[in-house]
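Letter by letter, the chains look like this.
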Amino acid sequence: MTPKILVVSDDEVLISRLGELLAEAGYEHDVAAAGEPGYDLMIVDRDLDGSLDMLLTLRRQAVTARALVLSSIGDEKDQEAALASGADGYLTKPFLPTTLIRKVRGLLRRHIDNAETIPFGQAQLDVRRYEVVLPKGKRISLSVREFDLLRTLVARPTVIYPKAELRTRVFGTEASESTVDTYVYYLRRKLGHGVVRSVYRLGYKAGAISV
């Protein structure tokens, strides 16, 4: 499932620029003049009136989405104020596109790393139990390695991972690349062939559950 990103701003130029950068990086997003629950990441324009008060209110309402504040102020005092209001990251405007996307990816990974459940299409990954929970409540148990492989793919669903990278991330450098193929087979056997997509000569990416 693609991460849900909300851009909180009323600056049309900034909204347009962020839309271009997020689309180029493979992310979809919504735009609003205030933060809302139900998102994985909020990109908050500090120049929006009441932006930090809005963020603080969301935190008091137990909204757990990561928040990246974009500010034209850029001094230490302003950064401290943003973090004290519940921001997870701070970036001074103007910013480099690569820096923005790096921060977005990092905050999305942190959001998933701390989550107890991770959405995957109509299903959920239960992090504590190493299980996939299907829409009608059926649970499918995975081994630790199977779960780690699926979780890695789901965390960045638009990314195509080379086998060598998956081997290093999930199994360690001592494992062979054939180990990745073996565990992809295990996942497909349990969750349907489409759960992991093969991309010719490039590697694997998250697919969709078909059981």
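Residues numbered from 1 in each chain as written. Predicted model: local features only at pLDDT ≥ 70, side-chain atom pairs only at ≥ 80, totals over all residues. Heavy atoms only, no water.

### Some remarks on the packing of aromatic side chains
- A full pass over the atoms with the stated rule returns four aromatic pairs.
- A centroid spacing of 5.1 Å and a plane angle of 80 degrees characterise the contact between Y183 and Y186, whose relative ring orientation is edge-to-face. Of this pair, Y183 and Y186 both sit in helix 7 (residues 177-191), three residues apart, which is roughly one turn of that helix.
- Taking the centre distance of 6.1 Å and the plane angle of 55 degrees together, the rings of Y185 and Y186 count as tilted.
- Note on Y185: relative accessible area 49%, which makes it partly exposed.
- Within the aromatic cluster, the residues linked to one another by ring pairs are F171, Y183, Y185 and Y186.
- Its guanidinium or amino end placed over the ring of Y39, K4 lies 5.4 Å from that ring's centre, counting from NZ or CZ. (Phe/Tyr/Trp six-rings, centres within 6.5 Å; stacked < 30°, edge-to-face > 60°. Helix = DSSP H or I, 4+ residues; strand = E, 2+ residues; numbered from the N terminus. Buried < 20%, exposed > 50% of the residue type's maximum accessible area, 1.4 Å probe, protein only. Lys NZ or Arg CZ within 6 Å of the ring centre and 35° of its normal.)

### Description of unusual backbone geometry
- Residue K93 is joined to P94 through a cis peptide bond whose omega torsion reads -5 degrees.
- Locating P94 in the fold gives a position in the loop between strand 5 (89-92) and helix 4 (97-113).
- Here the phi dihedral of Y130 falls at roughly 55 degrees; this positive angle occurs in a residue that is not glycine.
- One non-glycine residue, R201, lies in the positive phi region at around 65 degrees.
- Topologically, R201 is positioned in the loop between strand 10 (196-199) and strand 11 (203-206).

### A closer look at the sheet that holds strand 2 (residues 29-32)
- Spatial strand order, 2-1-3-4-5: five strands in an open sheet with parallel pairing. Across the chains shown, the open sheet's two edge strands, defined by having one partner strand only, are strand 2 and strand 5. Averaged over all pairs of adjacent strands, the angle between their axes in this sheet comes to 20 degrees, without regard to strand direction.
- Alignment of strand 4 (residues 66-71) against strand 5, held across four bridges, turns out to be parallel. Its bridge partner being in strand 5, L70 is matched across the sheet by L91.
- The sheet strands contacting helix 3 (residues 76-84) are strand 4 and strand 5, and the helix crosses strand 5 at an angle near 150 degrees. (Pairing = 2+ DSSP bridges. Axes fitted to C-alpha atoms, helices over the stretch in contact; angles between N-to-C directions. Contact = heavy atoms within 4.5 Å.)

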